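A structural walkthrough
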Amino acid sequence: MTSNQPSICFFNTLTRKKEVFIPLVPSKVKIYTCGPTVYDYAHIGNFRAFLFEDLLKRWLVYQGFKVTHVMNLTDIDDKTIKGSQKQGIALAQFTDFYIKAFFEDIKVLNIQPADVYPKATDHIPEMVQLIKTLIAKCIAYKGEDGSIYFSVCKFPDYGKLSHIKVSELKAGARVCQDEYCKEEAQDFALWKAWTLEDGDVFWETELGKGRPGWHIECSAMSSKYLGETFDIHCGGVDNMFPHHENEIAQSEGATGKKFVNYWMHNEHLQVEGKKMSKRFGNFYTLRDLLAKGYDPIAIRYLLMSTHYRQQFNFTFEGLEAAKAAVERLRNFVRRLHEVEGTTSTGKVATLMAKLEAGFGGSMDDDLNIGIALSSLFDFVREINSMLDANIVSKDEAAEVGGLMMRLDEVLGVIGKLEVEEALPSDIDALVQKREEARKAKNWKEADTIRAQLKAMGIVLEDTAQGVRWHKEKA
Ligand code: AMP
Ligand code: ZN
C-alpha cells in the first residue's frame, strides 16, 4: 500500500476477520460479483446484494481507486432451461427478456453499471478449457452418466470459505444439480452430459454433448476478465456454499494460485424473519413496488442503509421512513440553493470537517453505512437550525451544497435537483391562496389546496421562512 492510499478495512469471509484492504496493484481494484440468474425479474432481495456491491464500488472510487468490475449473467442453468421450455421459446430469447429487464431495473435504482457483463453462454470454450485442465490434473473425472465431476477429496483446501467439514463428505457421492445444501457436500458437476430434459439446450464439445454446471462459469469468466488472482469477490451469503466454495476449488485447483484475496458476503433481506426468496414466494420485485407508486430511490435508500452484514426485514413502514429520509436530504439541498445571506460564524467549516471525518471513518470501517448516515443527518440538523437563524452565508451554503453532492456520489440518492424557478401563474395563484388560508388559520382550505397542488406535481413545504415548493420526482 502506498502512503497516499486510504486505510480501508473489510470483513473478509475467508478469514472471518476485518482486514486492512491492500489491492494487488496500488490504487486499482478488481471486483467480481455474482450476477442474476435471468429466469425471472430480480426481487428486491437480489437488489440488496447489487446495491451493497454498488456502495462498495462507489466508496472505493470516492477514495481514489480505479475499479474494474465484472458481473456475470447466469443465462444457463436448471432454472433458465425449465423457464424457456415452459414458455416454449429458445433459451436465448427467454433469457434476453430478463437481461433487458435487469438492466432497466438497475438503471432505475441508480446502480452504476459494471465494466463487463459476461454471459455464461458466450463463454463455453473458456469453461471447456478450464475443465480440461482439471481433468489433466486428475482433479476432475468422468462419471458413469457421462458428466464430468470435480473430485472434492483431491483438493485439500475444500471447505476453507464455508468452513464445511470435509470429513462429512460422503466418499464418491455426487451431485448433479446446481444448488444443494451443506449436508450434501460432495463431488459436483462441472459439465453435465445431455439428458432428455435439456431438450435443445446443449453444446457439442471435446467434453461430449452437454452443458456447463453453474459454478464453472464464474471461475472461467473471472479469470478471463480479471486474471487468475484478483482483489474482491462478492455475493449474498447463500452463495458461499456451494457456489463460492466450488469456484475456489475449480480456480485454485487449476492454477495452483490464490483465487481471491477478499471475499465479501451480504446478509439476506428477509420477510418476517425468513429470507426473501422466489422459493418461499415471499418476495417483491422492484416492479411490484414501483406499481404501488414508490420512488425507486426510496427503495435504493432502504436496501443500502442497513449494514450489509446485518439481516433486516422488509416492511412498508421501513420504506416510508426511507422515503422521508431521501426527501429530507433533497429538501436540505434545495434550501441551500436559496441562501442569500452574508452572515457567517465560521462554524460551518468545522461542521463540514466533522462530517467528512465521521462519514469517511465509518465507511472505511467495513462500509459502516448506519454510522455514516447518522453523521450526515446530525450535520443536516445542525445546519438546518443555523439556516433557521440566518447565520449561514451564501458562500458557505454553496460549500455545504458541494459537500452534499460529493457524498451523493457515494449514496446516489439526491441527484440533480431542479431549483425553484418561476411558477406558472395559475399554480402561483394557488400557492398564494393557500398562504392566505393558512394565515387565516383556515386549515381545511389550506389542506385542500395542498392536495390540489400535489395532484399537479407540486409539493409544498412549510418552513420558518415561509412556504417552499418543488416539483415531485417521478
Ligand atoms: P440469483 O439471481 O439467485 O443468482 O441471486 C443474485 C444475488 O442475489 C446473489 O448474490 C444472491 O446471493 C443474492 N440474494 C438472493 N436472495 C437474497 C436476499 N433475500 N437478500 C440478499 N441477497 C440475496
Ligand atoms: Zn458466481
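Before any of the text, the structure's been laid out above.
Right, let's walk through the structure included here. (Residues numbered from 1 in each chain as written. Chains lettered and ligands numbered in written order. Predicted model: local features only at pLDDT ≥ 70, side-chain atom pairs only at ≥ 80, totals over all residues. Heavy atoms only, no water.)

Some thoughts on the overall build of the protein chain
Along the protein chain, the regular secondary structure elements total 14 helices and 17 strands. Counting the 474 residues in the protein chain, one finds 52% classified as buried. Per element, the accessible surface of the protein chain, about 21200 Å² overall, is 53% carbon and sulfur. In the protein chain, the 60 positive side-chain charges and the 67 negative ones have mean positions that sit 1 Å from each other. (Helix = DSSP H or I, 4+ residues; strand = E, 2+ residues; numbered from the N terminus. Buried < 20%, exposed > 50% of the residue type's maximum accessible area, 1.4 Å probe, protein only. Areas by Shrake-Rupley, 256 points an atom, 1.4 Å probe, with all protein chains shown as cover. Lys, Arg positive; Asp, Glu negative; His and termini not counted. Charge placed at Lys NZ, Arg CZ, Asp CG, Glu CD.)

Overview of the packing of helix α1 (residues 44–62) against helix α8 (residues 296–304)
One way to put it is that α1 packs onto α8 with a least axis distance of 9 Å and a crossing angle of 80 degrees. Here α1 is positioned roughly perpendicular relative to α8, judged by the angle of their axes. Along the contact surface, α1 presents I44, F47, R48, L51, D54, L55 and R58, while α8 presents I299, R300, L303 and M304. Per-class residue counts for the contact of α1 with α8 are 7 nonpolar, no polar and 4 charged. (Axes fitted to C-alpha atoms, helices over the stretch in contact; angles between N-to-C directions. Parallel < 35°, antiparallel > 145°, perpendicular 65-115°, else oblique. Contact = heavy atoms within 4.5 Å. Nonpolar A, V, L, I, M, F, W, Y, C, P; charged D, E, K, R; others polar.)

Describing the pairing of strand β10 (residues 208–212)
Here 3 bridges tie strand β8 (residues 187–193) to β10, and the two strands are oriented antiparallel to one another. Each residue of the ladder has a partner; that of W191, found in β10, is P212. Examined bridge by bridge, strand β9 (residues 203–205) and β10 share 3 bridges and lie antiparallel to one another. The partner of W203 across the bridge, within β10, is G210. (Pairing = 2+ DSSP bridges.)

Overview of the pairing of strand β12 (residues 260–266)
Here β12 lies mainly inside the structure; 7 of its 7 residues are buried. Bridging between strand β11 (residues 230–236) and β12 involves 6 bridges; their strand directions are parallel. Pairing of C234 across the sheet is with M264, part of β12. Taking the sense of rotation as the criterion, the β-α-β connection linking β11, helix α6 (residues 240–255) and β12 turns out right-handed. (Right-handed = clockwise from strand over helix to strand, strands pointing away.)

So, the coordination of the zinc ion (ligand 2)
The zinc ion (ligand 2) binds to the protein through C34 (SG), C218 (SG) and H243 (NE2); the donor distances cover 2.0 to 2.2 Å. A residue is classified by how much of its surface remains accessible, and H243, at 1% relative accessible area, is buried. (Donors = N, O, S within 2.8 Å, 3.2 Å for Na, K, Ca; no water.)

Notes on the environment of G35
Looking at the secondary structure, you find G35 in the loop between β3 (28–33) and α1. When the C-alpha positions of G35 and D378 are compared, they lie 36 Å apart, and in sequence the two are 343 residues distant. The residues contacting G35, other than those within four sequence positions of it, are F50, M71 and N72.

Details of empty space enclosed by the protein
Within the structure shown, the criterion is met by 2 cavities of 30 Å³ or more. Taken as a whole, the largest cavity spans an internal volume of roughly 70 Å³. Among the elements of the structure, α1, β4 (66–71) and α3 (91–108) are those that each provide at least two residues to the lining of the largest cavity. Counting residues per element, the lining of the largest cavity draws most heavily on α1, which supplies 4 residues. A per-class count over the lining of the largest cavity returns 8 nonpolar, 2 polar and 3 charged. As a volume, the second largest cavity reaches approximately 60 Å³. (1 Å grid on protein atoms, 1.4 Å probe; cavity = no way out; pocket = protein on both sides within 12 Å on 5 of 7 lines; lining within 4 Å. Points joined across faces, edges and corners; volume = space filled by probe spheres on them.)

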